[in-house]
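Fold and geometry: a report
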Amino acid sequence: MLSAALSSAPVSAFLDFCRVEKGLATNSVESYRLDLERFCGFLEIENLAVGALEPAALQRYVDSLYQAHLSERTISRHITTLRNFCGFLVDEGVLAADPTPFLSLPRRWKNLPKFLNSSELEKLSQAPDPAQPTGLRDRAMIEFLYATGLRVSELCKLRVSDLETNLGVVKVTGKGNKQRIVPVGKQALRAVEHYLGGARAALLKGRLSPYLFVTSRGGCLTRQGFWKLLAQHGRKVGIFHNLTPHVIRHSFATHLLEGGADLRSVQTMLGHSDIATTEIYTHVMRSRLKQMVEQHHPRA
């Protein structure tokens, strides 16, 4: 239950807004609810009302998160929740001004995102057995994931109708039901065509399914299922440590930037709503700029 210090009406209205108008996933709405529940407990201790929120009080709350030894990622999520909630309260006229602009996010991504090199990705894509329908499916999924940088949930929920093979693009429905168009490379398209050439029908056994990548039961492969399959294929070719679908997504973005793509284009293809999220890849940009200076500047 939510704390009595903050009326449940604004919180419930905000959660309904996130669920209905923004179309956020159930997990995202639940994260907001849990964050606000903790915030309400703080307001109760401080004896503060929602209409009296001010920057100093919010900073004390953020300080309490650090004192609780929460991770920087978790603290960043709490601050994002506060920003969205207070922005909603301003729009609804509950707050006269937004008290969150002065809150700064902790420095994140001290460790650079893990990614695979081209050789490792080639070995990984060849790991599934092409003699098996599941092997052709897994190879197509790995190639497609690397070619598009989709989130694993987006990949698993792709429908056959989302893919425009003649145009070489796929329509993706991401977070908040936002749609974007992502180009698909020829190698990934060929892998999908091989899978569609018989493997998908063999898995379905006469059943119908709208999903592109299916299981022997006729449904779409779950993200947890694909995580396990990817780890198995990784172990088969000697890639043991922390291999997840997100590593392939990081590889997609890193290799694009190494090849000269601009950050905004990568942001669009990844489906990031904020360019700050994409800036975790600026280490690639810095590396490439340094290389360019060393190659082309007469006094490098």
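The structure displayed is predicted, hence computed values, not measured ones. (Residues numbered from 1 in each chain as written. Predicted model: local features only at pLDDT ≥ 70, side-chain atom pairs only at ≥ 80, totals over all residues. Heavy atoms only, no water.)

**Describing helix α4 (residues 72-91)**
Stated precisely, the cut-off is as follows: Numbering of helices and strands runs from the N terminus; a helix is a DSSP stretch of H or I covering at least four residues, while a strand is a stretch of E covering at least two. The span you would expect from a helix comes to 1.5 Å times its residue count less one.
For α4, which comprises 20 residues, the first-to-last C-alpha distance of 29 Å matches the rise-based estimate of 28 Å (1.5 Å per residue) to within 8%. At the exit of α4 stands Gly 93, carrying a positive phi of roughly 80°.

**What about the pairing of strand β2 (residues 169-173)?**
For a regular strand, side-chain orientation follows a simple rule: the groups alternate between the two sheet faces. This is how it is decided: Think of it this way: DSSP has to see at least two bridges between two strands before they count as a pair.
Bridging between strand β1 (residues 163-164) and β2 involves two bridges; their strand directions are antiparallel. The partner of Leu 163 across the bridge, within β2, is Val 170. The loop that links β1 with its antiparallel partner β2 comprises four residues; one of these, Gly 168, has a positive phi angle of about 70°. In the sheet, β2 pairs with strand β3 (residues 179-183) via five bridges, with the strands oriented antiparallel.

**Looking at the packing of aromatic side chains**
So the rule is basically this: Here is the rule: rings of Phe, Tyr and Trp (six-membered ring for Trp) pair when centre to centre is within 6.5 Å. Planes less than 30 degrees apart are stacked, more than 60 are edge-to-face, and the remainder are tilted. Only protein chains enter the accessibility calculation, which uses a 1.4 Å probe; a residue is then buried when its area is under 20% of its type maximum, exposed when over 50%, and partly exposed in between.
Scanning the entire structure with this criterion turns up nine aromatic pairs. Look at Phe 39 and Phe 42: their rings are 6.4 Å apart centre to centre, the planes differ by 20°, and that puts the pair in the stacked class. Here Phe 39 and its partner Phe 42 are both found in helix α2 (residues 26-46), three residues apart, which amounts to about one turn of the helix. Comparing Phe 39 with Phe 42, the two get one shared label, buried.

**Focus on the environment of Ala 188**
Convention followed: Residue contacts are defined here by distance: any two heavy atoms, one from each residue, within 4.5 Å place the two residues in contact.
Inspection of the secondary structure assignment puts Ala 188 in helix α8 (residues 186-204). For Ala 188, a relative accessible area of 2% gives the class buried. Considering only alpha carbons, one finds Ala 188 and Thr 148, 40 residues apart in sequence, at a separation of 8.9 Å. Setting aside its immediate chain neighbours within four residues, Ala 188 contacts Glu 143, Phe 144 and Ala 147.

Geometry only, nothing functional implied.
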